[in-house]
Amino acid sequence: MKTLVTMKDLGLVFPARIHRAGSIRDSFVRTLTHPIVTLFTPQQKLEVLAGIDLEIQRGDRIALMGVNGAGKTSLCRAIAGFYKPTRGTLDVRGHVRAIFDTMVGIYPELTGRENADILTDFLYPELPDREVRIREALEFTELGHFLDTPFKFYSNGMQARLCLSILTMKETDVLILDEVFEGADQFFREKIAARVLDMIEKSGAVIFVSHSEDQLRRVCNRAVLIRKGKVAFDGPVEDGLKFYRETHLG
């Protein structure tokens, strides 16, 4: 097996703005009466990841679990290169594609077809069979004449159809999927699931974030549970789901 991602003592800290009760007048008076204290008070910090040790191998399909705020998305964004770790090391080998928000790169005033063209250039700048892939993806959406209608007039379900069809066009080395089925209508959710599974099968390693146990069982062969910015569990999916229910839901 080839190691694609290695994390050692990975830490991530964000500056945190602490809300102070009081009016604008109170803040003004406090600044005037205690300017030195106000200027030099240490900034509060929020530790999002607190020493992650993890290796991801080719063939891993990881169910990344944890309650909201546990650090799942921050970990994914660090792997994707969006966040620079505060401490520790992060080594990623190969190309990473992370799908967090299906609306990123969309221009509401443009048509679905035009947006598909722009999004393809952004996601796959060196795609050899570009026109063929776009045509296949647009046919997959089943949007028909709506493809030549401005995106801003699409329903949520239609928006999800177009974006997910383009985002699942090609496999990659490390694939990160964060709640990718949200917004899709029931019929298309089943259809896009088959397409996503094919992309997952062809990709090197996958990190899959979902609150659906059925989806996690269907997709994943390994579970990693994040709690308070640390790895609390790393093992088989069923054991991970049981551990999550017992420690967070029980």
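Preceding this paragraph is the structure being described.
The structure reproduced in this document is the subject of the present report. Computed from a predicted model, the values in this text were never measured in an experiment.

1. A few points about the overall build of the chain
A count of helices and strands for the chain gives nine helices and nine strands. In the chain, 75% of the contacts between residues at least 6 apart in sequence involve partners at least 24 apart. With the model as given, the accessible surface of the chain reaches about 13,800 Å², and the carbon-plus-sulfur share is 54%.

2. Observations regarding the sheet that holds strand β4 (residues 87–92)
An order of β2-β1-β4 is seen for the three strands of this open sheet, with the pairing classed as antiparallel. Looking at which strands have only one partner, the edges of the open sheet turn out to be β2 (45–57) and β4. On average, adjacent strands in this sheet sit at an angle of 20° to one another, irrespective of strand direction. One ladder, built from five bridges, connects strand β1 (residues 3–15) with β4; its direction is antiparallel. Paired with K8 across the bridge in β4 is T89.

3. Considering the sheet that holds strand β9 (residues 230–235)
Here six strands make up an open sheet; going across it, the order is β5-β6-β7-β3-β8-β9 and the pairing mixed. Both edges of this open sheet fall to β5 (96–99) and β9, since each of them pairs with a single strand only. Sheet twist, expressed as the average angle between the axes of neighbouring strands with direction ignored, equals 15°. Note that strand β6 (residues 174–178) and strand β7 (residues 205–209) share five bridges and pair parallel. Each bridged residue has a counterpart across the sheet, and for L177 the counterpart in β7 is F208.

Criteria and thresholds
Residues numbered from 1 in each chain as written. Predicted model: local features only at pLDDT ≥ 70, side-chain atom pairs only at ≥ 80, totals over all residues. Heavy atoms only, no water. Helix = DSSP H or I, 4+ residues; strand = E, 2+ residues; numbered from the N terminus. Contact = heavy atoms within 4.5 Å. Areas by Shrake-Rupley, 256 points an atom, 1.4 Å probe, with all protein chains shown as cover. Pairing = 2+ DSSP bridges. Axes fitted to C-alpha atoms, helices over the stretch in contact; angles between N-to-C directions.

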